[in-house]
Amino acid sequence: MDTKLGAGYNPIELSKAVEKLVSVDVGGAVARKYFGFAPTRFYGGSATGYATGCNLRCVYCWSLARNARAVGDYHKPVDVARKLVGMASQNGYRFARLSGGEPTIAVEHLLQLLDHLNMFRDIWRGVFILETNGILIGYDKRLAETLSRYRFVVARVSIKGCSEEEFHTITGAEKSFFNTQIQAVKNLLDSGIETRVAITISFCKKETLAKLLERLATIDAKLVDSMEIEYVKLYPAVQKRLCKKGLAPWIAIKPPDKIVDQEKFYELCREEPQRSHSEGNS
Ligand code: SF4
């Protein structure tokens, strides 16, 4: 399928193509590919399912290779719900989430998963954090309205870049879809869903960040107060990709916790060719 649109691909078209690769209808239950399940430290502890497949291609994505190859095994919604609830109950976690890919792709899988989590409310009464890039929710507000039926869902929209141009540089997608992400925030709030915004500021300019904050504040001032600031994490595969493309973050984190400025980043890139070829993916 040709997903190109002007300068960049169309993430809506890409969503449809990816959905076919990562989901399958099994007698009415929509199974989706996952490449793992694990308890994680995020939000003070969360049960996490790693779903395969995304409608963006962020240059700093730690799961880009897995998503491109559509790795993983199919899991039915009921099985995913059981795993998340089991993990959360065992570890005393309040939160469950999907990571690794975009959870709104194969939306019927997501809705069936939420239905099952709802049925397990007598075992686990926690919160499902919908970590999303917002593209599909911004494109069609009916999705936000549908999600609002699940009172235990909180949304966290991860905005890519602080302007159309930065969005395009990071994702390679057609730049107007930057606005679709902002629209998602509005659609979610309009539907009554508690919503937060996260921004990876490593490629944002001071001016574009300021404009984005202003724009978010016009939707809801609380968005700015609760906003999460993130930095690119230089996992080996991510660093290699950024060096190859000549894209230097002004600030990044070299795991576990080393802060890297632009100058240090270029140093790391110069060291890159001497590194062992055996370094794995993130
Ligand atoms: S939206 Fe998230 S999962 Fe998708 S490519 Fe970007 S960082 Fe990766």
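Residues numbered from 1 in each chain as written. Predicted model: local features only at pLDDT ≥ 70, side-chain atom pairs only at ≥ 80, totals over all residues.

Draft legend 1. Just the sheet that holds strand E10 (residues 232–233), in detail. The sheet built from 3 strands is open, its strands ordered E10-E11-E12 with mixed pairing. Lying at the two open borders of the sheet, with one neighbouring strand each, are E10 and strand E12 (258–261). As judged from the 2 bridges shared by E10 and strand E11 (residues 251–254), these two strands associate in the parallel manner. The residue of E11 that forms the bridge with Lys233 is Ile253. Most of the contacts of helix H12 (residues 262–271) go to E12, to which it runs at about 95 degrees, and overall it touches E11 and E12. (Pairing = 2+ DSSP bridges. Helix = DSSP H or I, 4+ residues; strand = E, 2+ residues; numbered from the N terminus. Contact = placed C-beta atoms within 7 Å. Axes fitted to C-alpha atoms, helices over the stretch in contact; angles between N-to-C directions.)

Draft legend 2. Local environment of the site of the ligand. In the neighbourhood of the ligand, the contacting residues comprise Cys54, Leu56, Arg57, Cys58, Cys61, Ser63, Leu64, Gly101, Glu102 and Asn133. Class assignment of the residues belonging to the shell around the ligand gives a composition of 5 nonpolar, 3 polar and 2 charged. (Near = placed C-beta within 6 Å. Nonpolar A, V, L, I, M, F, W, Y, C, P; charged D, E, K, R; others polar.)

Draft legend 3. Structural detail: the pairing of E12. Here E11 pairs with E12 via 4 bridges, running antiparallel. Bridge pairing in E12 links Ala252 to Val260. Between the antiparallel neighbours E11 and E12 lie 3 residues.

Draft legend 4. Looking closely at the nonpolar core. Counting 65 residues, the largest nonpolar core has Tyr60, Leu84, Ala88, Phe128, Val185 and Val197 as the members making the most contacts within it. No other element matches the 6 residues that helix H3 (residues 77–91) contributes to this core. For this core, the two domains that each supply at least three residues are domain 1 (11–230) and domain 2 (232–282). Setting aside residues up to four positions removed in sequence, Val197 forms contacts with Val157, Ile159, Val185, Leu216, Leu223 and Met227. (Core = buried A, V, L, I, M, F, W, Y, C linked by C-beta atoms within 7 Å. Buried ≥ 20, exposed ≤ 12 C-beta atoms within 10 Å, placed from the backbone. Domains from an automatic or database assignment.)

Draft legend 5. Quick peek at the domain arrangement of the protein chain. In terms of domains, the protein chain is made up of domain 1 (11–230) and domain 2 (232–282). Contacts between the two partners involve 7 residues from domain 1, matched on the other side by 15 residues from domain 2. The residue makeup of the side of domain 1 that touches domain 2, split by class, is 5 nonpolar, 2 polar and no charged.

Draft legend 6. Examining the packing of H3 against helix H4 (residues 107–119) more closely. Packing of H3 against H4 brings their axes to within 8 Å, and their N-to-C directions diverge by 50 degrees. One way to sum up the angle between H3 and H4 is to call them oblique. Where H3 crosses over H4, the two elements pack in a sense that is right-handed. Of H4, the residues touching H3 (which contributes Pro77, Val78, Val80, Ala81 and Val85) are His109, Gln112, Leu113, His116 and Leu117. Within the contact of H3 with H4, the residues separate by chemical class into 7 nonpolar, 3 polar and no charged. (Parallel < 35°, antiparallel > 145°, perpendicular 65-115°, else oblique. Left-handed = near helix turned anticlockwise from the far one by under 90°.)

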